[in-house]
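The residues making up each chain are set out below.
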Amino acid sequence: AQSVTQLDSQVPVFEEAPVELRCNYSSSVSVYLFWYVQYPNQGLQLLLKYLSGSTLVKGINGFEAEFNKSQTSFHLRKPSVHISDTAEYFCAVYRLTGGGNKLTFGTGTQLKVEL
Amino acid sequence: ETGVTQTPRHLVMGMTNKKSLKCEQHLGHNAMYWYKQSAKKPLELMFVYSLEERVENNSVPSRFSPECPNSSHLFLHLHTLQPEDSALYLCASSQDNGGNTYNEQFFGPGTRLTVL
């Protein structure tokens with residue numbers, strides 16, 4: 001079984017400040033890891049993913065995340081946020097199985113960027 | 001239309017009503033999913049269809065009934081719902097190659113359901 005923990009339900013930050021959204025996972029097997037973003041009244045959009053290779057992954061809109069196997073973490077970072085980054089962010093773990101592909105999500109972190 | 005579309009975007013229904021949610025994908029995928037998104041809870045996978053066959057049903061109450069008539073369409077039929085069923089219902093699609101390969105899931109905008 002696998003699970004995803006997002007400890008911060010809300011993160012307020014001022015515009016142009018750096019931000020880190022935390023994600024920890026547990027799994028008995030190797031995993032694929034993802035960050036999704038959900039803007040108000042919209043569905044989920046893939047921000048970035050880690051499948052293999054370099055542990056530092058770059059995504060859209062200037063976001064990046066680092067896979068740390070020893071700490072079972074996949075924290076999301078952005079060096080300078082913009083008002084338009086205000087959204088909910090979901091970390092997810094991917095389980096491979098025949099017959100559909102299964103994502104397990106965290107509870108989400110609401111990022112609120114203020115002027 | 002492109003991507004994954006869902007209709008209606010908003011739905012209010014009484015506990016005795018029968019309604020259906022519709023999802024359509026324009027991506028040529030062969031797998032479709034229903035998720036439930038409730039406040040302060042992780043997204044819950046409800047149903048998975050691959051090649052039009054249901055491959056997963058995560059202990060969802062029988063008042064939710066999915067239907068996948070073809071690889072492009074997915075329905076969720078609702079009847080005698082409870083107020084705690086109020087949530088955002090998201091549809092997604094992906095390609096399923098049946099093996100150990102990753103294929104991205106693409107999400108629709110969701111249907112906001114309110115049960116009175």
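Here is what the cut-offs are and how they apply
- Residues numbered from 1 in each chain as written.
- Chains lettered and ligands numbered in written order.
- Predicted model: local features only at pLDDT ≥ 70, side-chain atom pairs only at ≥ 80, totals over all residues.
- Heavy atoms only, no water.
- Helix = DSSP H or I, 4+ residues; strand = E, 2+ residues; numbered from the N terminus.
- Rg over C-alpha atoms; globule rule 2.2 N^0.38 Å.
- Buried < 20%, exposed > 50% of the residue type's maximum accessible area, 1.4 Å probe, protein only.
- Contact = heavy atoms within 4.5 Å.
- Areas by Shrake-Rupley, 256 points an atom, 1.4 Å probe, with all protein chains shown as cover.
- Lys, Arg positive; Asp, Glu negative; His and termini not counted.
- Charge placed at Lys NZ, Arg CZ, Asp CG, Glu CD.
- Phe/Tyr/Trp six-rings, centres within 6.5 Å; stacked < 30°, edge-to-face > 60°.
- Polar contact = N/O pair within 3.5 Å; in protein donor to acceptor, adjacent residues only side chain to side chain.

A. Structural view of the overall build of chain B. Counting secondary structure elements, chain B contains 0 helices and 11 strands. In sequence order, the secondary structure elements of chain B are arranged as β-β-β-β-β-β-β-β-β-β-β. In terms of overall size, chain B behaves like a compact globule, its C-alpha atoms giving a radius of gyration of 14 Å where 116 residues would be expected to give roughly 13 Å. Dimensions along the principal axes, computed over C-alpha positions, put chain B at roughly 40 × 30 × 30 Å. Within chain B, the proportion of its 116 residues that are buried is 48%. Of the contacts made within chain B by residues no fewer than 6 positions apart, 54% connect residues no fewer than 24 positions apart. Here chain B has roughly 5,400 Å² of accessible surface; of this, 49% comes from carbon and sulfur atoms. Between the centroid of the 10 positive side chains of chain B and the centroid of its 11 negative side chains there is a distance of 11 Å.

B. Structural context of the packing of aromatic side chains. Here the structure, examined in full by the defined rule, presents 14 aromatic pairs over all chains. Arranged with centres 4.4 Å apart and planes meeting at 25°, the rings of Y50(A) and F67(A) form a pair that is stacked. Separated by 17 residues along the polypeptide, Y50(A) in strand β6 (residues 44-50) and F67(A) in strand β8 (residues 64-68) bring together distant segments of the chain. Under the relative-accessibility criterion, Y50(A) is labelled buried at 10%. Centre to centre, the rings of Y35(B) and F107(B) are 5.4 Å apart; their planes meet at 40°, and the pair counts as tilted.

C. View of the environment of N68(A). Residues and elements named next belong to chain A. Considering the arrangement of structural elements, one finds N68 in strand β8. Spatially, the C-alpha atoms of N68 and L56 are 9.2 Å apart, while their sequence positions differ by 12 residues. A polar contact is formed between the side chain of N68 and the side chain of S70, at a distance of 2.8 Å.

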